[in-house]
Amino acid sequence: MESKFKRILYGGDYNPNQWSREIWEKDMEYFKDARINSATINVFSWAKLQPSEEEYNFAELDDIVDMLSKEGYDIVLATSTASMPAWLFRKYPEVARTDYQGRHHKFGQRHNACPNSAIYQKYAKALVEQLAGRYAQNEHVTCWHINNEYGGECYCENCEKAFRVWLKKKYQSISALNRAWNLEFWGHTVYDWDEIVLPNLLGDGMENGISTSFAGLSIDYRRFMSDSLLGNYKMERDIIRAYDKDATITTNLMGTYKWLDYFKWAKEMDIVSWDNYPGYNTPWSYTAMRHDLMRGLKDAPFMLMEQTPSQQNWQPYNSLKKPGQMRAQSYQTIAHGADTIQFFQLRRSVGGCEKFHGAVIAHVGTNDTRVFREVKQLGEELERLGTATLGSVNEAQAGILFDWDNYWALEYTSGPTKDLTYVNQIYQYYNFFYEKNIAVNMIPFDADFSKYKVVVAPVLYMVKEGMQEALTEFVKNGGILITTFMSGIVDQSDNVYLGGYPGPLRELAGVWVEEIDALAPEQTNTITFHDGTKIPCSMLCDLMHVEGARCLAEYSTDFYAGTPAITKNQFGKGSTYYIGTNMNSDGIAKVLEMAMAEAGVASVIDEATELEITCRKADTCAYYFVMNFKEKELAVPSCFVGYTDAITGENIKSGDTMAKFDVKIIPVAY
Ligand code: GLA
Ligand code: ZN
């Protein structure tokens, strides 16, 4: 696949506007030394670019762009619309958001424009017109970065009106809407579009901000908000596109961020970019999953727009990255499909709430720091690696279904348990693939399933239009489907499929789930596989009857002891595994191993190892990324002996080992 870039972009957020000119000069020297070749600029400069309604001033930005252009940087140019100037709030209070509690906000913070404010749109548009007109032809502007980390929600009157328009388009008639949201329940029937109230705390939203009395309404509001913000993105994108039809345009996403349907967003983006901020105790496999999700959005290489070279400031505990950790984290990012490594930020700010946020240049102001040396080492290595890995692809025969409608719907349910969360369930299944080094793609509900041998669809609570047919086709033609409890329950409006769970998946799974038991944290059950293996299970237990499926494991206790907990159903040329309860990782591995063996899906290398290994395929060779995230030394798998590590140029010998955070990139010709 052709990369969007001619080299690995190595750099990050840079705010010279916060510093004096002498410091700019010094920065250029330091950055060159660290092999930094890219800078993301102008992320929060609206107030400077437009001091008042009538006047723009691009003098400083011109100087910054000139300086970086002369130095041969790849400029990632942001549009500054994520933080509005104070005068705009003062003159037009409607640009601010109204929150879930119904409070209308004032000037302050960022990422807080009402997406449906025509005034916000007008002024953002005008600013982007100016920027695009001025810089779109600059050949050093490699990429446009629209806004910043879109997110959040607004519950103002403008949004309410826009929501009604959005609903009218979707449902056409008020009776269709009443049906979709099942408004007969609690006598909420509406007779006029203007009777529709948005679901915040003053309406149908509940105290904790996550529950709702009408999930159909709240899910639609989430879809509407995601679309509204996406509308803002598209507005800016279209302006830039008009000035440069070949521009690469993106906005920085946030991994498993809940409230935007990123699969929908990605369709409008030229390349996905995202900000990776694991906590001190985030498992490496969890970060890997997020990378795979971000790659999966377009099934293509992505940009790492932000990571900290050292510390963060906004986590509860902002631990230092240990020596070698930033480097290993960066390679893991490339291993999962990144074509860029960018930091937030290049120079640590002097004031404001991010003054303790790590940076390439710390407050001491020199390059004589551990962090700088590590940044430089990585810069040199990436420079040597050159263009080799750019555009290479991560292929997989297994896919895990990830769907934002399901994310929202599952977590809006009242009952059967409060402990069920979407991403955790997905992660438990992802982790199996990670531990085994089996390549896996994160795929949308409307993916082409025929590209995969195995599709895992954990907690597929909402089965949307077309999915039953697509999954049936997939299994009929030989695919292996793995699904679980809380699947096939509702349609896209959150109304239950009547006639027995798992609704549209019942025939495929060959089971009927009659009841769902919820276990409190102190309660557990056990399931027994037919080889005698016992696995503890918790949280939810489906009570089911087989209807053609074969039982693989039964519950051991409670009044449903001896009834099926895990089943397998032959269907056409394929089969469906149904996992009726929440198992630990051993239980998941046991079922998934059976499924992988049946499907013939193997690890990226044959040898078992505790190293993390991925494979990116380029035109003439495959790049194996071999990484040690364990606390101990591990042997390099023998299949790599005799090959060369592309980072060091050294030959790999039998008996070689890797210490914690060691990385090798091993090209293997086809
Ligand atoms: C986000 C933002 C940045 C910065 C970092 C700090 O990713 O995009 O502007 O605030 O967080 O971690
Ligand atoms: Zn609003």
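Thresholds, definitions, all that
Residues numbered from 1 in each chain as written. Chains lettered and ligands numbered in written order. Predicted model: local features only at pLDDT ≥ 70, side-chain atom pairs only at ≥ 80, totals over all residues. Heavy atoms only, no water. Donors = N, O, S within 2.8 Å, 3.2 Å for Na, K, Ca; no water. Buried < 20%, exposed > 50% of the residue type's maximum accessible area, 1.4 Å probe, protein only. Axes fitted to C-alpha atoms, helices over the stretch in contact; angles between N-to-C directions. Helix = DSSP H or I, 4+ residues; strand = E, 2+ residues; numbered from the N terminus. Parallel < 35°, antiparallel > 145°, perpendicular 65-115°, else oblique. Contact = heavy atoms within 4.5 Å. Nonpolar A, V, L, I, M, F, W, Y, C, P; charged D, E, K, R; others polar. Near = heavy atom within 4 Å. Polar contact = N/O pair within 3.5 Å; in protein donor to acceptor, adjacent residues only side chain to side chain. Areas by Shrake-Rupley, 256 points an atom, 1.4 Å probe, with all protein chains shown as cover. Expected span 1.5 Å × (residues − 1). Pairing = 2+ DSSP bridges. Phe/Tyr/Trp six-rings, centres within 6.5 Å; stacked < 30°, edge-to-face > 60°. Lys NZ or Arg CZ within 6 Å of the ring centre and 35° of its normal.

Asks: Help me understand the coordination of the zinc ion (ligand 2) in this model?
Replies: Ideal coordination angles are 109.5 degrees for a metal with four donors arranged tetrahedrally and 90 or 180 degrees for a metal with six donors arranged octahedrally. Within the protein, the atoms that donate to the zinc ion (ligand 2) are Cys 114 (SG), Cys 154 (SG), Cys 156 (SG) and Cys 159 (SG), at distances of 2.2 to 2.3 Å. When the donors of the zinc ion (ligand 2) are listed by position in the chain, the intervening gaps give C-x39-C-x1-C-x2-C. Relative accessible area serves as the criterion here: at 8%, Cys 156 is assigned to the buried category.

Asks: How do you make sense of the packing of helix H6 (residues 157–171) against helix H8 (residues 215–243) when you look at a structure like this?
Replies: Relative to each other, H6 and H8 sit at 105 degrees, their axes nearing to 10 Å. With respect to their mutual orientation, H6 and H8 come out roughly perpendicular. Packed against H6, whose contacting residues are Cys 159, Ala 162, Phe 163, Trp 166, Leu 167, Lys 170 and Tyr 171, the element H8 presents Leu 217, Asp 220, Tyr 221, Arg 223, Phe 224, Met 225 and Asp 227 at the interface. Of the residues assigned to the contact of H6 with H8, the class counts are 10 nonpolar, no polar and four charged.

Asks: I'm lost on the site of ligand 1 in this one. Help?
Replies: Every residue lining ligand 1 is accounted for by Phe 44, Arg 110, Asn 148, Glu 149, Asn 252, Asp 275, Tyr 277, Glu 306, Trp 314, Phe 344, Glu 354 and His 357. Between ligand 1 and the protein, one listed contact pairs an oxygen atom with a side-chain N or O atom of Glu 149 at 2.6 Å. Between ligand 1 and the protein, one listed contact pairs an oxygen atom with a side-chain N or O atom of His 357 at 2.7 Å. In the complex, 97% of the free accessible area of ligand 1, which totals 310 Å², lies under the protein chains.

Asks: Looking at this structure, I do not really get helix H5 (residues 118–135). What am I missing?
Replies: The terminal C-alpha atoms of H5 lie 25 Å apart, and with 18 residues this matches the ideal 26 Å at 1.5 Å per residue to within 8%. Buried residues in H5 make contact with helix H2 (46–49), helix H3 (59–70), strand E3 (74–78), helix H4 (86–91), strand E4 (141–145) and H8.

Asks: Can you help me understand the sheet that holds strand E6 (residues 252–253) in this one?
Replies: The pairing of strands in a sheet happens through backbone hydrogen bonds and is either parallel or antiparallel. Sheet architecture is open: nine strands sit in the order E5-E4-E3-E2-E1-E9-E8-E7-E6, paired in parallel fashion. Edge positions in the open sheet fall to strand E5 (249–250) and E6, since each of these has one partner strand only. When strand E1 (residues 9–13) meets strand E9 (residues 338–343), the two strands line up parallel, connected through four bridges. If you follow Gly 11 over to E9, its bridge partner there is Gln 342. This element, helix H10 (residues 284–298), spans E6, strand E7 (273–275) and strand E8 (302–306) of the sheet and lies at about 125 degrees to E8. Each of E8 and E9 is contacted by helix H11 (residues 325–335), which is oriented at about 145 degrees to E9, the strand it contacts most.

Asks: What is the right way to look at the packing of aromatic side chains in this model?
Replies: Each aromatic ring pair is characterised by the separation of its centres together with the angle its planes make. Counted by the stated rule, this structure contains 42 aromatic pairs. With a centroid separation of 5.9 Å and 20 degrees between ring planes, the pair formed by Tyr 56 and Phe 58 is classed as stacked. Following the ring pairs from residue to residue traces out a cluster consisting of Tyr 100, Tyr 155, Phe 163, Trp 166, Tyr 171, Trp 181, Tyr 221 and Phe 224. Directly above the ring of Trp 259 sits Arg 222, whose terminal nitrogen or CZ lies 3.4 Å from the centroid. For Lys 464, the ring lying beneath its charged end belongs to Phe 445, and the centroid distance is 3.8 Å.

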